[in-house]
Amino acid sequence: MSGKFRPRPGFVVQAYKFALDPNAGQEQALRSHCGAARAAYNWAVSWVTASWWQRKAEASYAIGEEELTPWRSWSLPALRKEFNRVKTTDPRFADW
């Protein structure tokens with residue numbers, strides 16, 4: 001085996017490789033799911049970085065730390081809760 005992974009003595013590492021052969025409808029569904037996952041990821045990155053840039057701009061105007069825009073949580077539960085709230089109103093997610 002190459003890389004850093006080494007199985008513990010006495011353990012067997014087994015892998016499976018699958019080939020997908022979707023029909024046209026299944027292929028469209030797979031592409032849609034991949035697109036939705038990427039859109040959700042991009043939304044989460046922009047949502048978190050928006051508060052970072054806002055705080056950076058406020059700090060450049062010599063606003064005190066206690067008065068800066070609060071940090072947005074980027075824990076999975078916080079992101080999931082906010083995304084579930086946003087996805088019903090944001091037109092970018094209407095197709096999914």
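Asker: If you had to explain the pattern of salt bridges to someone new, which residues and values would you point to?
Answerer: Considering all chains together, one arrives at 4 salt bridges under this definition. Salt-bridge contacts for arginine 31 lead to glutamate 27; the nearest nitrogen and oxygen are separated by 2.9 Å. Of this pair, arginine 31 and glutamate 27 both sit in helix 1 (residues 24–60), 4 residues apart, which is roughly one turn of that helix. According to the relative accessible area criterion, arginine 31 is exposed, its value standing at 56%. Note that aspartate 90 is salt-bridged to arginine 92, the shortest N-O span being 2.7 Å.

Asker: Any details on the packing of aromatic side chains? Residues and values, ideally.
Answerer: In the structure shown here, the tally under the stated rule is 4 aromatic pairs. An angle of 20° between the planes, with centres 5.5 Å apart, marks the rings of tryptophan 43 and tryptophan 47 as stacked. Taken as a pair, tryptophan 43 and tryptophan 47 lie in helix 1 at a separation of 4 residues, close to a single helical turn. In this structure, tryptophan 43 and tryptophan 47 share a single accessibility class: buried. Seen from their ring centres, phenylalanine 83 and phenylalanine 93 are 5.0 Å apart, and the 80° between their planes marks the pair as edge-to-face. Of the two residues, phenylalanine 83 sits in helix 2 (residues 76–86) while phenylalanine 93 sits in the segment after helix 2, which places them 10 residues apart along the sequence. Phenylalanine 93 matches phenylalanine 83 in its accessibility class, with the two residues each being buried. In this structure an aromatic cluster arises from ring pairing among Trp43, Trp47, Phe83 and Phe93.

Asker: If you had to explain unusual backbone geometry to someone new, which residues and values would you point to?
Answerer: With a phi angle near 65°, alanine 62 is a residue other than glycine that sits in the positive phi range. Looking at where alanine 62 falls in the secondary structure, it is placed in the loop between helix 1 and helix 2. Its relative accessible area of 71% is what places alanine 62 among the exposed residues.

Asker: Can you tell me about helix 1, naming the residues and giving the values?
Answerer: Residues lying three or four places apart along an α-helix face the same way, a consequence of the helix completing one turn every 3.6 residues. Over its 37 residues, helix 1 runs 53 Å from end to end, which matches the ideal 54 Å to within 8%, given 1.5 Å per residue. Restricting attention to buried positions, one finds in helix 1 the residues Ala39, Trp43, Ala44, Trp47, Val48, Ser51, Arg55 and Glu58. Contacts made by the buried residues of helix 1 are with helix 2. Its side-chain oxygen at 3.1 Å from the backbone nitrogen of glycine 25, asparagine 23 defines the N-terminal cap of helix 1. Residue alanine 62 follows helix 1 closely and has a positive phi angle near 65°.

Rules of the game
- Residues numbered from 1 in each chain as written.
- Predicted model: local features only at pLDDT ≥ 70, side-chain atom pairs only at ≥ 80, totals over all residues.
- Heavy atoms only, no water.
- Salt bridge = Lys/Arg side-chain N within 4 Å of Asp/Glu carboxyl O.
- Helix = DSSP H or I, 4+ residues; strand = E, 2+ residues; numbered from the N terminus.
- Buried < 20%, exposed > 50% of the residue type's maximum accessible area, 1.4 Å probe, protein only.
- Phe/Tyr/Trp six-rings, centres within 6.5 Å; stacked < 30°, edge-to-face > 60°.
- Expected span 1.5 Å × (residues − 1).
- Contact = heavy atoms within 4.5 Å.
- Polar contact = N/O pair within 3.5 Å; in protein donor to acceptor, adjacent residues only side chain to side chain.

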